[in-house]
2 protein chains.
Amino acid sequence: MKDNHCINGEICPVNQAESDQDNHCVKPECTIKQALKMIDGKWKLPIICTLGGQTMRFNELKREIAGITSMMLTSSLKELEECGIVYRESYHEVPPKVEYSLTDEGLSLTPILFDLGHWGNKLNMMKDKVNG
Amino acid sequence: MKDNHCINGEICPVNQAESDQDNHCVKPECTIKQALKMIDGKWKLPIICTLGGQTMRFNELKREIAGITSMMLTSSLKELEECGIVYRESYHEVPPKVEYSLTDEGLSLTPILFDLGHWGNKLNMMKDKVNG
DNA sequence: CTGGATCCTCCCGGATACTG
DNA sequence: CAGTATCCGGGAGGATCCAG
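Attention in this report is confined to the structure presented alongside it. Note that the coordinates shown come from a computational prediction; the quantities given were computed from them, not determined experimentally.

Calculation rules
- Residue indices follow the written sequence of each chain, beginning from 1 at its first position.
- For naming, the first written chain is A and the first written ligand is 1, with later ones following in the order written.
- Per-residue local features are limited, in this predicted model, to residues with pLDDT of at least 70; the limit for side-chain atom pairs, both in listing and counting, is 80 or more; totals at the level of whole chains, interfaces and linings are taken over all residues.
- Just so you know, side-chain values use all the structure's heavy atoms and leave hydrogens and water out.
- We define proximity as follows: a residue is near a molecule or strand when any one of its heavy atoms falls within 4 Å of that partner.
- Nitrogen and oxygen atoms within 3.5 Å of one another constitute a polar contact, given that in protein one can donate a hydrogen and the other can accept it, and given that sequence-neighbouring residues count only through two side-chain atoms.
- Note on contacts: a residue pair is in contact if any heavy atoms of the two residues lie within 4.5 Å.
- Buried area: the accessible area, evaluated with a 1.4 Å probe, that two parts lose upon being put together, summed over both parts.
- Here, a salt bridge means any Lys or Arg side-chain nitrogen found within 4 Å of an Asp or Glu carboxyl oxygen.
- Axis angles are defined between N-to-C directions and span 0 to 180 degrees, where every axis is a line fitted to C-alpha atoms and, for a helix, only to the segment in contact.
- Helix and strand assignments come from DSSP, with helices taken as H or I runs of at least 4 residues and strands as E runs of at least 2, each series counted from the N terminus.
- Orientation labels follow simple angle bins: below 35 degrees gives roughly parallel, above 145 gives roughly antiparallel, 65 to 115 gives roughly perpendicular, and whatever is left gives oblique.
- Residue polarity follows a fixed list, in which Ala, Val, Leu, Ile, Met, Phe, Trp, Tyr, Cys and Pro are nonpolar, Asp, Glu, Lys and Arg are charged, and the others, Gly among them, are polar.
- Only buried residues count toward a nonpolar core, which is a set of Ala, Val, Leu, Ile, Met, Phe, Trp, Tyr and Cys residues joined through side-chain atoms within 4.5 Å.
- With a 1.4 Å probe rolled over the protein chains alone, any residue whose accessible area is under 20% of its type maximum counts as buried; one over 50% counts as exposed, and the rest are partly exposed.
- Note on pairing: two strands pair once DSSP finds at least 2 bridges between them.
- Least squares is the method for superposing the copies, and the C-alpha atoms it fits come from residues with pLDDT of at least 70 in both.

### A word on the protein's contact with DNA strand D
Link 1 in the chain: The local shell around DNA strand D holds 19 residues, among which A:Arg57, A:Arg88, A:Tyr100, B:Lys42 and B:Trp43 are the closest.
Link 2 in the chain: Among the atoms of DNA strand D close to the protein, meaning within 4 Å, 82% are from sugar or phosphate groups.
Link 3 in the chain: A:Asn59 places a main-chain nitrogen or oxygen 3.0 Å from a phosphate oxygen of DNA strand D.
Link 4 in the chain: Within the backbone of A:Val98, one N or O atom sits 3.3 Å away from a phosphate oxygen of DNA strand D.

Given below as structure tokens:
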């Protein structure tokens, strides 16, 4: 057991059985956490859901997502792009035109997220039933 | 369009089409966020994965989960219990004995989380391939 | 053994103003 | 139109000590 670079980017105590060939920890909790980190933050989910299958421009997204600032939209889009969820196409024109869309991998994430939402709803309905 | 109590517990601008019969916002991003909130925080995921199908005592969990403090274990377990993911059985003995396990709903969450982890791994392998 | 109470630190994200 | 730069407050969570 030694401290190692975990797949989720943090230091994680890991033994041989929990490591891959690069000595990265691959414990379920860490791979899941690493996936969750990609959609972490206040605005990633709204961005992903608003984009859906569409292609949208920066200000179009900003209008659709109530309350988001330019700065948060910029940084969130950049992080989503870096991890491969969002595709960014910049047309070098004046005035600037930049289009955003989900990558195939981003699209393949959405059914999993919907499962998660469905699971949460089911759990809540059970709680409501218990509480009357 | 008016501000309403969202299903995820926050105030959310919502129109009629996005509301249920109780005027709760049911936008996908909000139901998903509500589900994610249940497993939010640094320790919920380690707890869920460590528990798995087992029944474990407080200090047993504390030993298994490297780095967690009593306080974080207590509060995380309590939140997981309140939302119906964890079942808590307290035997009124001296010294105290408390056992924790996943509820059926908690167990039904794990395959979804594994899907999420698998999705993240796939995405990372694609990135590695691109970067060489 | 199973927690509770307090204090403290770090960083996410909001507000505002500015730019190619 | 599509961003950047800077400042700042609040809350999550760690450390430490205490309790039934």
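Here the narrative resumes, following the displayed structure.
### Details of the interface of chain A and chain B
Link 1 in the chain: The interface of chain A with chain B comprises 38 residues on the first partner and 38 residues on the second.
Link 2 in the chain: When the two sides are added together, the surface that chain A and chain B hide from each other amounts to roughly 3,400 Å², 72% of it contributed by carbon and sulfur.
Link 3 in the chain: Contact with chain B buries area across many residues of chain A, yet A:Ile32, A:Leu116 and A:Trp119 alone supply 19% of it, more than any other trio.
Link 4 in the chain: Between chain A and chain B we count zero salt bridges in total.
Link 5 in the chain: In this assembly, chain A and chain B are joined by six residue pairs in polar contact (both at pLDDT 80 or more).

### What about the packing of helix H1 (residues 28-38) of chain A against helix H5 (residues 104-130) of chain B?
Link 1 in the chain: Contact pair H1(A) / H5(B): the axes reach a minimum separation of 8 Å and the direction vectors enclose 70°. With respect to H5(B), the axis of H1(A) lies roughly perpendicular. When H1(A) is examined against H5(B), the residues A:Pro28, A:Thr31, A:Ile32, A:Gln34, A:Ala35, A:Leu36 and A:Met38 are found in contact with a partner set consisting of B:Leu113, B:Phe114, B:Leu116, B:Gly117, B:Trp119, B:Gly120, B:Asn121, B:Leu123 and B:Asn124.
Link 2 in the chain: In terms of residue class, the contact of H1(A) with H5(B) is built from 10 nonpolar, six polar and no charged.

### Here's the deal with the nonpolar core
Link 1 in the chain: If you look at the biggest cluster of nonpolar residues, it comprises 58 residues, and the most contacted ones within it are A:Ile39, A:Ile85, B:Ile39 and B:Ile85.
Link 2 in the chain: Residues contacting B:Ile39, with those up to four places away along its chain left out, are A:Leu36, B:Lys44, B:Leu45, B:Ile48, B:Ile85, B:Leu109 and B:Leu113.

### Considerations on the sheet that holds strand E3 (residues 55-57) of chain B
All names here are of chain B.
Link 1 in the chain: In space, the three strands of this open sheet follow the order E3-E5-E4, with antiparallel pairing throughout. On the outer flanks of this sheet lie E3 and strand E4 (86-91), each paired with one strand and no other. Neighbour to neighbour, the strand axes of the sheet diverge by 25° on average, direction disregarded.
Link 2 in the chain: Judged from the three bridges that link them, E3 and strand E5 (residues 97-102) form a sheet pairing that is antiparallel.

### Details of the relation of the copies chain A and chain B
Note that the two copies of the chain are related through a rotation about an axis and a translation along the same axis.
Link 1 in the chain: Least-squares fitting of chain A to chain B yields an RMSD of 0.1 Å, with the superposition described by an axial translation of 0.0 Å and a rotation of 180°. Here the copies are linked by what is in effect a two-fold axis. Judged by C-alpha distance, A:Ile112 is the residue of chain A that lies nearest the rotation axis, at 3.4 Å.
Link 2 in the chain: The fraction of interface residues of chain A whose copies in chain B are also interface residues reaches 100%, indicating that both copies meet through the same surface.

### Observations regarding the protein's contact with DNA strand C
Link 1 in the chain: Residues in close proximity to DNA strand C total 18 residues, the closest being A:Lys42, B:Asn59, B:Thr74, B:Arg88 and B:Tyr100.
Link 2 in the chain: Restricting attention to atoms of DNA strand C within 4 Å of the protein, one finds that 82% of them are sugar or phosphate atoms.
Link 3 in the chain: Taking A:Trp43, its side chain carries an N or O atom lying 3.1 Å from a phosphate oxygen of DNA strand C.
Link 4 in the chain: Between a phosphate oxygen of DNA strand C and a side-chain N or O atom of B:Arg88, the distance comes to 2.5 Å.
Link 5 in the chain: Within the residue set of the surface near DNA strand C, elements represented by two or more residues are helix H4 (70-82) of chain A together with helix H3 (58-64), helix H4 (70-82) and E5 of chain B.
Link 6 in the chain: Here the surface near DNA strand C takes four residues from H4(B), the largest share from any one element.

### Topic: the sheet that holds strand E4 (residues 86-91) of chain A
All names here are of chain A.
Link 1 in the chain: Reading across from one edge, E3-E5-E4 is the order of the three strands in this open sheet, with antiparallel pairing throughout. Of all the strands in the sheet, the pair left with one neighbour each is strand E3 (55-57) and E4. Averaged over all pairs of adjacent strands, the angle between their axes in this sheet comes to 25°, without regard to strand direction.
Link 2 in the chain: Here E4 pairs with strand E5 (residues 97-102) via six bridges, running antiparallel. Across the sheet, the residue bridging to Val-86 is Leu-102, located in E5.
Link 3 in the chain: Relative to E5, helix H2 (residues 44-51) is tilted by about 90°, and along the sheet it contacts E3, E4 and E5.

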